[in-house]
Amino acid sequence: MRLHELEDLLVNRLYPKPKRGHDKPGSLFDSALHNHSRTGVPGSTAGFSSSKTVSHHGMGAIMRALLVNPELPVCFWTFKKNCELNGAKAMAPPLGLITVAALLPTEWELRLVDLNTRKLTEQDWEWADLIMFTAMLVQKESLLALIREAGKRGKTTVAGGPYPTSVPEEVLEAGVDFLLRGEAEDSMPLFLVALHNGVKSAVFEEPVKPDLTKSPVPRFDLLRFGDYLTLAIQTSRGCPFECEFCDVVNLYGRKTRHKTPEQVLKELETIYSLGWRDEVFICDDNFIGVKKHALAVLHKLIPWMKNHGEPFSFTTQASVNLGQDNDLINLMTEANISHIVVGVESPDENVLALTRKHQNIRHPLAQSLSNMNRNGLSVIASFIIGFDQESEGAGNRICEFVEELGVPMVTLNILSVLPNTCLWDRLKREGRLLLDTNDGTFMASKLNYVPTRPESQIIGEYLQAVNRLYDPSTYLDRAYRYFLAMRPTRLALARQKGENAPSLTPVEPIASSQKMMEPWGIAKFFWRQGVRSQCRFQFWRQLAGMYRMNPSRMISYLNTCGMGEDMFLFREFAHRQMTSGGKNRQSGPRH
């Protein structure tokens, strides 16, 4: 069954859901996206990606390289409940590690271990000649422990990624042998030559940002597709904006660099041929950072999707100025981009101006976000509490702004000052930086800087806002209002006008891509929200309303209701975390 047929069934009051590839049962819910934080995104290729073609002749003996993604502690984007409902183990795979795997000598033996889906075994340790790690700041504790353990075992180690790039001293102190700072397209070949020549340790860093038109197709074949809710690709790096608190510019630069549309399609063709039929996260720092590039990709992606039976739905990150370009929004939804992560940060214009978030105040913020919703994009809005010039009541103002717009998916963070950002440098000059408390989670029990208002007030407002935003009844109400306000799907609009629906002709039959999920997944969801929940009457009433008034958005609505389960648990976890001094981080929400 293809997408237009699925929508047809919805319009006629039926509720099927696709199945993902590799013979793994699908789910009622699409994955939303993985961890969005300003320390990087799971799958980010900083420090471990490659694009330069290298001759591997003469590189010496065959190496057995173990590529390890450290464990993520519990944070907003782990979405354990959603993973459980989908039969997956983690939100997304480590795109950086499978990208660097595409550069390593073809004769090497490779093994990927994602500690968010399985544990390292003694056999893994014994098998490996070389162990390669990537890590974001939020993964620092796991990474440092792994490096120390590898050192005890006499293994050669290599580390890269946002955290080793930003704080190399800590990684070197832990005993890593080779460290690759920044993007490794040009430094990876230097590492291979050094390794071949018997060099025992080194730090590699290239001053020039690499050309992404030479980037290889990541080794998606190393993944166990059934472990993940979403796969990831990347079409560009960098962002033209320079928000004071964000480390994207420090890591990737303000000049946005791009892959060609043909490269993007080649990566999609690869995961398509491997059997993936589900969510794909386009983990660009800002997909519309250069609109010319976004348009070029979309104009190629739209016909490819139609010719392949629309096998994927997409999520990406974009700046809020997207809301002022309806033509671009229409192209994105036509390409089946369904969710957009937007850094809103604050409804207070004075705060946005101080943080250099000028793109958020050039046009009415609420209007831009509403435009995305009305035109078919689901916004995942990110907010931060704790900025300078923020006055008392910031948490309430965020909640009121969210309630007014009805945005259900909201990430609320406490400001965490990231290394080497403009904010880091400013607070360091002002003597307000506390260097030993940053864990990258944006939910620390203590701030890593001296704020301009009482710390207890900031934390108190954060917890109050978490209570309000992630209250089950309030969340469900926002989800209902949000999808009622969204225009029907293209197919439903065409039917309303009496037009023929556009035909989709797959290149080949997709036998497993659009079948019903296993009954247990649907049953578990409806048992939790329709029977056990204190909001069960509200759930059924809203379900009936959506059924009557906007049935073509039913799956999106149910997906969002399902994502709420993790938010409800996160509310409890946030309170335990903030009141326990951070001791509950690894235990996570209680199920």
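Given the structure is predicted, the values throughout are model-derived calculations rather than measurements.

Engineer: How do you make sense of the overall build of the protein chain when you look at a structure like this?
Structural biologist: A count of helices and strands for the protein chain gives 22 helices and 14 strands. Per-residue burial for the protein chain yields a buried fraction of 64% across its 591 residues. In the protein chain, the proportion of contacts linking residues at least 24 apart, taken out of those at least 6 apart, comes to 78%. Total accessible area on the protein chain stands at roughly 22,100 Å², and carbon and sulfur atoms take up 51% of it.

Engineer: Quick question: what am I supposed to make of the sheet that holds strand β12 (residues 337–345) here?
Structural biologist: Strand pairing in a sheet relies on backbone hydrogen bonds, with the paired strands running either antiparallel or parallel. Judged by pairing direction, the sheet is parallel, and its six strands sit side by side in the order β7-β10-β11-β12-β13-β14 without closing on themselves. The open sheet is flanked by β7 (230–233) and β14 (410–414), the only strands paired with a single partner. Taking each pair of neighbouring strands and ignoring which way they run, the sheet shows an average axis angle of 20 degrees. Against the sheet, helix α10 (residues 261–273) makes contact with β7, β10 (279–282) and β11 (313–317), and its axis sits at roughly 155 degrees relative to β7, the strand it touches most.

Engineer: In this structure, what is going on with the pattern of salt bridges? I would like to understand it.
Structural biologist: Once the charged atoms of two side chains with opposite charge are near each other, the side chains can pair. For the structure shown, the criterion picks out 32 salt bridges. The partner of arginine 432 in a salt bridge is glutamate 430, and the shortest N-O contact between them spans 2.8 Å. Judged by its relative accessible area of 13%, arginine 432 falls in the buried class. The structure contains a network of salt bridges with shared partners spanning Glu244, Asp388, Arg426, Glu430 and Arg432.

Engineer: Sorry if this is basic, but what is going on with the sheet that holds strand β3 (residues 130–134) here?
Structural biologist: Taking strand neighbours across the sheet as the criterion, the six strands line up as β2-β1-β3-β4-β5-β6 in an open arrangement whose pairing is parallel. A single partner strand is all that each edge strand has here, and the edge strands are β2 (109–114) and β6 (202–205). Here the average twist between neighbouring strands, direction ignored, is 20 degrees. Strand direction decides the pairing type here: strand β5 (residues 178–181) and β6, joined by four bridges, are parallel. Paired with leucine 179 across the strands is valine 203, a residue of β6.

Engineer: Just checking my understanding: could you explain the nonpolar core for this structure?
Structural biologist: For soluble globular proteins, the rule of thumb is that nonpolar side chains tend to be buried together. With 140 residues, the main nonpolar core has Phe191 and Leu268 as its most contacted residues. A total of eleven residues in this core trace back to one element, the largest contributor, which is helix α22 (residues 554–579). Setting aside residues up to four positions removed in sequence, phenylalanine 191 forms contacts with Leu130, Met132, Val158, Phe178, Leu180 and Phe204. Core analysis: the next-biggest nonpolar cluster, separate from the first, contains 24 residues, Phe133, Leu137, Leu144 and Tyr163 among them.

Engineer: How do you make sense of the packing of aromatic side chains when you look at a structure like this?
Structural biologist: Applying the stated rule across the entire model yields 20 aromatic pairs. Relative to phenylalanine 526, the ring of phenylalanine 525 has its centre 5.1 Å away and its plane inclined at 75 degrees; by these criteria the two rings are edge-to-face. The side chain of arginine 111 reaches across the aromatic face of tryptophan 127, ending 4.3 Å from its centre. When the ring centre of tyrosine 272 is taken as origin, the NZ or CZ atom of arginine 277, which lies over that ring, is 3.9 Å away.

Engineer: Looking at this model, I keep getting lost on the side chain of aspartate 388. Mind explaining?
Structural biologist: In this structure, aspartate 388 sits in the loop between β13 (378–385) and α15 (394–405). Note on aspartate 388: relative accessible area 9%, which makes it buried. Of the polar contacts made by the side chain of aspartate 388, one reaches the side chain of arginine 432; its length is 2.8 Å. For aspartate 388, the contacting residues outside a window of four places in its chain are Val351, Leu354, Arg426, Leu427, Arg432 and Thr452.

Engineer: Help me understand the state of the cysteines in this model?
Structural biologist: Covalent bonding between the sulfur atoms of two cysteines defines a disulfide. All chains considered together, the criterion is met by zero disulfides. Cysteine 422 takes part in no disulfide bond, and the closest cysteine sulfur to it belongs to cysteine 243, at a distance of 9.8 Å. Relative accessible area serves as the criterion here: at 25%, cysteine 422 is assigned to the partly exposed category.

Engineer: I'm lost on helix α17 (residues 455–469) in this one. Help?
Structural biologist: Quick reminder: α-helices carry 3.6 residues per turn. Residues three or four places apart thus point the same way. The terminal C-alpha atoms of α17 lie 21 Å apart, and with 15 residues this matches the ideal 21 Å at 1.5 Å per residue to within 8%. Every buried residue of α17 is listed here: Ile458, Ile459, Glu461, Tyr462, Leu463, Ala465, Val466 and Leu469. Elements that come into contact with the buried residues of α17 comprise β13, α15, β14, α18 (472–485) and α22.

Engineer: I tried to follow the packing of α15 against α18 on my own but got confused; where do I start?
Structural biologist: Helix packing for two helices is described by the angle between their axes and how far apart those axes are. Put simply, α15 and α18 touch, their axes get as near as 9 Å, and they point 40 degrees apart. One element, α15, and the other, α18, form an angle in the oblique class. For the pair α15 and α18, the contacting residues are Val402, Glu403, Glu404 and Leu405 in the first and Thr474, Arg478, Arg481 and Tyr482 in the second. Split by residue class, the contact of α15 with α18 holds three nonpolar, one polar and four charged.

Engineer: For this particular structure, what's the right way to read the confidence of the model for the protein chain?
Structural biologist: Caution is warranted with low-pLDDT regions, since their predicted coordinates should not be read in detail. Across the protein chain, the average pLDDT comes to 85, with 82% of residues at or above 70. Taken as a whole, residues 504–517 scores under 50 in pLDDT and shows 40 contacts with residues more than four places along the chain or in a different chain.

Definitions and cut-offs
- All residue numbers refer to positions counted from 1 along the written sequence of the respective chain.
- The model is predicted, so local features are restricted to residues of pLDDT at least 70 and side-chain atom pairs to those at 80 or more, both for listing and for counting; the totals for chains, interfaces and linings are taken over all residues.
- For the side-chain quantities, the full set of heavy atoms in the structure was used; hydrogens and water were omitted.
- Runs of H or I in DSSP of at least four residues are treated as helices and runs of E of at least two as strands, each being numbered from the N terminus.
- Only protein chains enter the accessibility calculation, which uses a 1.4 Å probe; a residue is then buried when its area is under 20% of its type maximum, exposed when over 50%, and partly exposed in between.
- Any pair of residues with heavy atoms lying within 4.5 Å of one another is described as a contacting pair.
- Here, Shrake-Rupley sampling with a 1.4 Å probe gives the accessible areas, and only protein chains in the shown set may cover a residue.
- If DSSP finds at least two bridges between two strands, the strands pair.
- The angle between two axes is taken between their N-to-C directions and runs from 0 to 180 degrees, where each axis is a line fitted to C-alpha atoms and a helix contributes only its stretch in contact.
- Just to be clear on terms, a salt bridge is a Lys or Arg side-chain nitrogen sitting within 4 Å of an Asp or Glu carboxyl oxygen.
- Definition used in this section: a nonpolar core is a set of buried Ala, Val, Leu, Ile, Met, Phe, Trp, Tyr and Cys residues joined via side-chain atoms within 4.5 Å.
- Stacked, tilted and edge-to-face are the three classes assigned to paired rings of Phe, Tyr and Trp, where Trp is represented by its six-membered ring and a pair needs centres within 6.5 Å; plane angles under 30 degrees give stacked, over 60 edge-to-face, the rest tilted.
- For a Lys NZ or an Arg CZ to count as sitting over a ring, it must be within 6 Å of the ring centre and within 35 degrees of the ring normal.
- Between N or O atoms, a polar contact is any pair within 3.5 Å; within protein, one atom must be a potential hydrogen donor and the other a potential acceptor, and residues adjacent in sequence are included only when both atoms are from side chains.
- Note on disulfides: each one is a pair of cysteine sulfur atoms within 2.5 Å.
- A helix's residues, less one, multiplied by 1.5 Å, set its expected span.
- Each angle receives one of four descriptions, namely roughly parallel if under 35 degrees, roughly antiparallel if over 145, roughly perpendicular if within 65 to 115, and oblique otherwise.
- Following the grouping adopted for this structure description, the nonpolar residues are Ala, Val, Leu, Ile, Met, Phe, Trp, Tyr, Cys and Pro, the charged ones are Asp, Glu, Lys and Arg, and the polar ones are all others, Gly among them.
- pLDDT expresses, on a scale from 0 to 100, how confident the predictor is about each individual residue.

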